[in-house]
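Spelled out from the first residue to the last, the chains are:
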Amino acid sequence: MRIILDGMGGDNAPYEIVKGAVEASKEIDETIVIVGQEDKILSELSKYQYDTSKIEIMNATEVIENEDSPVRSVRRKKDSSMVVGLNEVKSGNGDIFISAGNTGALMAGSLFNLGRIQGIDRPALAAIYPVLGKEPLLLLDAGANSECKANNLLEFGIMGSIYMDKVLGRKNPKVGLVNLGVEANKGTTLTKMAYELLEKSTCNFTGNVEAREVPNGICDVVVCDGFVGNVIIKLSEGLGLSISKLLKNKLLDGFKAKIGAILLVDKLKSIKKDFDYTEYGGAPILGVKGPVIKMHGSSNAKAVKNSIIKAVPFAKEGVVDIISEAVLEMEELLISDEV
């Protein structure tokens, strides 16, 4: 198995990308192919001891930057690390592609180079959402599709269920639809129609969920359009940072507070680990004809390592093929494009 890694994508490329690849290579047997400017990749690799048979370099002279136009950059920068990497998966020379680069470009490149799974109208970005004291849940769409139809939400629920089962090991995962209330008749025309479709589907649909219940891990897969999903994630990130700063200020405010902080240090570290995105790897792009993982733009070596490790079951379990088969089963539920 060959894992194709974008060596030039993200805020910390190539040094954290290469370091993460080296660390991952010590824990998996698969070959990691780092795509990017060869001289820079070699320079970073020279800092480490590693099994040279498990890490390869593929030269790509161009880089898609965060400020680049997604569609234009994918079309014009044919020798970029992102486009070259995606083409490796398309040609069958790579089994999965991982990148911390420009999200819009990665989505556009995945669609242009790999194409949609037949029957899937909108691929989705599936984000791992940490839950305190429990296993994380999967939220999709996390921002790829700001406007959706009811059949798109059905697709998200089915694809998320398959990924949660095959990659994260959660059997028969519970699927919930983000809505204004738990009642079936609540919400917009979109959510009401999506509720009906999900209720008839093969996934373990548990009904509507309110946003306040998402952080409590009320279900395993949370379904919503990309606008709502992105708001949920960014609000959660902001709230988490605010609470973290508040705790730090309170626990360092005076001698007694500092003593209490010392006594609680192990518990505080455990909480921090629960909410550390680097523990969970990247977010899969589901619905395209090839396994693709989007890492956080500021990913460090730990996040890169865990993304690579999590990528192995994504490719090996044939998630893309399973989604393709599931689409055939749900075709009778899909509504027309006019909805």
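Read on for an overview of the structure. Computed from a prediction, not measured in an experiment: that's the story for all the values here.

### Some thoughts on the sheet that holds strand E2 (residues 31–36)
For sheets, the rule is that strands pair by backbone hydrogen bonds, running either parallel or antiparallel.
Move 1: What the 7 strands build is an open sheet, ordered E3-E2-E1-E4-E12-E11-E5; its pairing is mixed. Each edge of the sheet is formed by a strand with only one pairing partner; in this case those strands are strand E3 (55–59) and strand E5 (124–125).
Move 2: Relative to strand E12 (residues 292–294), strand E4 (residues 96–99) runs parallel, the two sharing 3 bridges. Its bridge partner lying in E12, Phe97 is registered against Val292.
Move 3: With respect to the sheet, helix H1 (residues 15–25) is in contact with strand E1 (2–6), E2 and E3, its orientation differing from that of E2 by roughly 170 degrees.
Move 4: Contacting E1, E2, E4, strand E11 (283–286) and E12, helix H11 (residues 301–316) crosses the sheet at an angle of about 155 degrees to E4.

### Digging into the pattern of salt bridges
Move 1: For the structure on display, the rule yields 10 salt bridges.
Move 2: One salt bridge in this structure joins Lys305 and Glu27, with 3.4 Å as the shortest N-O distance. A residue pair is termed long-range when its members are at least 10 positions apart, and Lys305 in helix H11 and Glu27 in the loop between H1 and E2 qualify at 278 residues.
Move 3: For Glu27, a relative accessible area of 51% gives the class exposed.
Move 4: Its salt-bridge partner being Lys47, residue Glu44 comes within 3.0 Å of it at the nearest N-O pair.
Move 5: Among the residues examined, Glu44 registers a relative accessible area of 11% and is labelled buried.

Here is what the cut-offs are and how they apply
Residues numbered from 1 in each chain as written. Predicted model: local features only at pLDDT ≥ 70, side-chain atom pairs only at ≥ 80, totals over all residues. Heavy atoms only, no water. Pairing = 2+ DSSP bridges. Helix = DSSP H or I, 4+ residues; strand = E, 2+ residues; numbered from the N terminus. Contact = heavy atoms within 4.5 Å. Axes fitted to C-alpha atoms, helices over the stretch in contact; angles between N-to-C directions. Salt bridge = Lys/Arg side-chain N within 4 Å of Asp/Glu carboxyl O. Buried < 20%, exposed > 50% of the residue type's maximum accessible area, 1.4 Å probe, protein only.

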